[in-house]
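# Coordinate analysis (summary)
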Amino acid sequence: EEIYNIVQEIFRDIFDDDQLNIKESTNSSNIDDWDSLNHINLVVAIESELNIKFNLDELSTLKDVGAMIDLILIKMN
């Protein structure tokens, strides 16, 4: 849940929306401004905040926020 809250705040910051609430099923089709540039911004912000590093193969498998959080948890262990 702590990771979820951190990711929630990063999403709010990147998309400049303090009311944005993400769910595990949230994906790029649910957020109008979630384009390739903002996807990169999200990844960089998450990597920086949590001191982890994703590789391109991992990033290409991410379908939604739930998959992103699962990958973050793997990276942190």
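Residues numbered from 1 in each chain as written. Predicted model: local features only at pLDDT ≥ 70, side-chain atom pairs only at ≥ 80, totals over all residues. Heavy atoms only, no water.

### Digging into the confidence of the model for the protein
Note the following rule: Each residue carries a pLDDT value, the predictor's own confidence for that position, ranging from 0 to 100. Segments assigned H or I by DSSP are reported as helices when at least four residues long, segments assigned E as strands when at least two residues long, and all are numbered from the N terminus.
Residues at a pLDDT of 70 or more form 100% of the protein, whose mean pLDDT is 94. Within the protein, the element-level pLDDT minimum falls on helix α3 (residues 56-60), averaging 88, and the maximum on helix α1 (residues 2-14), averaging 96.

### Remarks on the pattern of salt bridges
Just so we agree on the cut-off: The term salt bridge refers to a side-chain nitrogen of Lys or Arg lying within 4 Å of a carboxyl oxygen of Asp or Glu. For every residue, the accessible area obtained with a 1.4 Å probe (protein chains only) is divided by the maximum for its type, and the residue is called buried under 20%, exposed over 50%, and partly exposed between those limits.
In total, this model carries three salt bridges according to the counting rule given. Residues R12 and E9 are paired through a salt bridge, measuring 3.3 Å at the closest nitrogen-oxygen approach. Here R12 and its partner E9 are both found in helix α1, three residues apart, which amounts to about one turn of the helix. A relative accessible area of 46% means that E9 is categorised as partly exposed. Of the charged contacts in the structure, one is a salt bridge between K75 and E58, with a shortest N-O distance of 3.0 Å. Remark: E58 occurs in helix α3 and K75 occurs in helix α4 (residues 65-76); sequence separation between them is 17 residues. The class of K75 is partly exposed, set by a relative accessible area of 29%. Looking at E58, the relative accessible area reads 19%, which means it is buried.

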